[in-house]
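This is what each chain is made of:
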Protein chains: 2
Amino acid sequence: MDTGDREMGISSLVNGRLCAELSVADRGLQYGDGVFETIAVKDGLPQQWERHLRRLRRGCKRLGIKPPASKLLLKEVVSLCGQLGRAVAKIIVTRGQSGRGYRPPVAAEPTRIVVAYPWPRYPEGVYDDGIKVRVCKMRLSCNPVLAGIKHLNRLEQVLARGEWEDEYQEGLMLDSRNRVIEGTMSNVFVIKDDALHTPKLDQCGVEGVMRQRLLELAHQQNIPAAVTELALVDLKRADGVLFCNSLIGVWPVQELGGQSYKIPPLTRRIMDEFAGEFPYL
Amino acid sequence: MDTGDREMGISSLVNGRLCAELSVADRGLQYGDGVFETIAVKDGLPQQWERHLRRLRRGCKRLGIKPPASKLLLKEVVSLCGQLGRAVAKIIVTRGQSGRGYRPPVAAEPTRIVVAYPWPRYPEGVYDDGIKVRVCKMRLSCNPVLAGIKHLNRLEQVLARGEWEDEYQEGLMLDSRNRVIEGTMSNVFVIKDDALHTPKLDQCGVEGVMRQRLLELAHQQNIPAAVTELALVDLKRADGVLFCNSLIGVWPVQELGGQSYKIPPLTRRIMDEFAGEFPYL
């Protein structure tokens, strides 16, 4: 699945300038001192813009970084992706440049980077037949200050994704206390008795935009949905499992940790809800 | 203390080229996917080179990054800092460039960055009178796979250092289970009954070059030294506390978490051992 996923960016803006480089003094490089968003672009427009923007601002606030003006960001995304039709826009906001030392500089101007990537090609059958999922050895560490936001400290995800080649389409990550948290690049939902269950993300994990939309859909349609602690045994007893993010939409699970799953009607119903938006469903 | 510390780099090499920029596609920026070293330069030569190199290679191995050839790195550090006399050399090694996606690319060539910084000016009196230390609110999260190495995921240190301005010279960090681990930019030793105690770093923290040298010195001179679990109460009962790293050498503590300390004879003895190397002692 990564062949399409792994292509270099098509073009990029750094602080509004068409440019593919940034200073080695940038704290994004030095310390991972920043946040990012990965956004689906359709017909040249970023999808779910307000939600992505909200999370970006929440992340900036948590780290004490001044968020970029939202109109400016939107303008830059559209100027970069407007002609591309289907694409992926990635936004990175760092604390900016500084000299050596962890101390966050008061005077630094945040760096904003927008990169356009080609739309990824996912393997055939993932929506019809479901995906195969590995249970990763790599664990997520717990820190409530960093939980939920999409910051640039992503070594745990990198090492987790390095555990397999192409034999799985996603990896499930647990935290240091064996709680189920998320996929390496997606959130996870468990379906049991026509109800949804998804992990609490107050200690680690990223609060995905698609996860939030699924919870809102459940609320609107009176589908029981719980945000709760989950263990691997809860997945073993489940009727079905799904992974979701803003690019893939919803991926049902065919196999996870050696166990086979059917795709329950509730998963199909949720996928149908988003079929207009993710027509490759 | 950060005024000197915070100046921008004097010059830098990126993959051997005199250059101050790097690609926005570099995984060092995208995910903090790399490691670094901060090295004291004296008379144009990097100090404790072999120890820094060993930790850099250990970090690369842990992350699955091909380490740069050691002779090449040394040549680059000397070419950049050789004329500077006293300076600081920072080496960053990232996994290199890739497209979108956490998956570590097989084909990527690691990026190596060497930056020269001016020697920092530390506040007067820190060696004679000792430093004031804050106990940070920000906690270190636990992940044995990332513990000990000096990787680029440093948001916890950044946020910890953001808790104060100039009223302290260092901040003590605990882990999520309240164990004492290290300073934001240094390692910590406790002195009690003429023995040294320093925290185990198998769950979090960075194994500092100066920490290792203090442990070896203790071994050579038959000073009792233990690598162990420590809690704040152990610091309260201590005769003295010290912080150390490759740039500051050894800083005795005058005050930590509101408690005053004397500087015990053992701390002075250790400082004297390194006086030739850190003449500003």
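The preceding data block contains the structure.
It should be emphasised that the depicted structure is a prediction, and the values quoted were computed from it without experimental measurement.

K.L.:
Looking at this model, I keep getting lost on the interface of chain A and chain B. Mind explaining?
P.N.:
Many structure descriptions define interface size as the accessible area lost when the parts assemble. In this complex, chain A contributes 67 residues to the contact, which on the side of chain B involves 68 residues. Its largest share of buried area at the contact with chain B, chain A owes to A:Arg100, A:Tyr102 and A:Arg103, together 18% of the area lost on that side. Of the charged contacts in the structure, one is a salt bridge between A:Arg103 and B:Glu165, with a shortest N-O distance of 3.0 Å. Our count for the chain A to chain B interface comes out at 20 residue pairs in polar contact (both at pLDDT 80 or more). In terms of residue count, the dominant contributor to the side of chain A that touches chain B is helix α5 (residues 155-161) of chain A (six residues). Here the residues of the side of chain A that touches chain B sort into 30 nonpolar, 19 polar and 18 charged. Bridging between strand β3 (residues 21-23) of chain A and strand β3 (residues 21-23) of chain B involves three bridges; their strand directions are antiparallel. In the strand pairing of β3(B), A:Glu21 is matched with B:Ser23.

K.L.:
How should I be thinking about the sheet that holds strand β6 (residues 87-94) of chain B in this particular structure?
P.N.:
Strands in a sheet are paired, the pairing made by backbone hydrogen bonds, and the direction either parallel or antiparallel. All names here are of chain B. With antiparallel pairing, six strands are arranged side by side in an open sheet as β2-β1-β7-β6-β4-β5. For this open sheet the edge positions go to β2 (17-18) and β5 (45-46), each flanked by a neighbour on one side alone. Sheet contacts for helix α3 (residues 49-63): β4 (34-42), β5 and β6; angle to β4, the most-contacted strand, approximately 175 degrees. Where helix α4 (residues 70-81) meets the sheet, it contacts β1 (11-14), β2, β4, β5, β6 and β7 (111-118), and its direction lies at approximately 30 degrees from that of β7.

K.L.:
I keep staring at helix α8 (residues 265-273) of chain A and nothing clicks. Help me out?
P.N.:
The α-helix winds at 3.6 residues per turn, so residues separated by three or four positions along the chain end up facing the same way. Residues and elements named next belong to chain A. Within α8, the full set of buried residues consists of Leu266, Thr267, Ile270 and Met271. Angular distribution of buried residues about the axis of α8 spans 140 degrees; they occupy a single face of the element. Turned more than 90 degrees away from the buried face of α8 sit Pro265 and Asp272, all of them exposed. The inward-facing, buried residues of α8 abut β11 (187-192), β12 (195-199), α6 (209-220), β14 (240-245) and β15 (249-256).

K.L.:
Just checking my understanding: could you explain the sheet that holds strand β6 (residues 87-94) of chain A for this structure?
P.N.:
Residue and element names in this part refer to chain A. Pairing within the open sheet is antiparallel, and its six strands lie in the order β2-β1-β7-β6-β4-β5. Here the strands that pair on one side only, and so sit at the sheet edges, are β2 (17-18) and β5 (45-46). Here two bridges tie strand β1 (residues 11-14) to β2, and the two strands are oriented antiparallel to one another. Each bridged residue has a counterpart across the sheet, and for Val14 the counterpart in β2 is Arg17.

Procedures and definitions
Residues numbered from 1 in each chain as written. Chains lettered and ligands numbered in written order. Predicted model: local features only at pLDDT ≥ 70, side-chain atom pairs only at ≥ 80, totals over all residues. Heavy atoms only, no water. Contact = heavy atoms within 4.5 Å. Buried area = accessible area lost by both parts, 1.4 Å probe. Salt bridge = Lys/Arg side-chain N within 4 Å of Asp/Glu carboxyl O. Polar contact = N/O pair within 3.5 Å; in protein donor to acceptor, adjacent residues only side chain to side chain. Helix = DSSP H or I, 4+ residues; strand = E, 2+ residues; numbered from the N terminus. Nonpolar A, V, L, I, M, F, W, Y, C, P; charged D, E, K, R; others polar. Pairing = 2+ DSSP bridges. Axes fitted to C-alpha atoms, helices over the stretch in contact; angles between N-to-C directions. Buried < 20%, exposed > 50% of the residue type's maximum accessible area, 1.4 Å probe, protein only. Arc of directions from axis to C-beta.

Everything listed is a geometric property; what it means functionally is a separate question.
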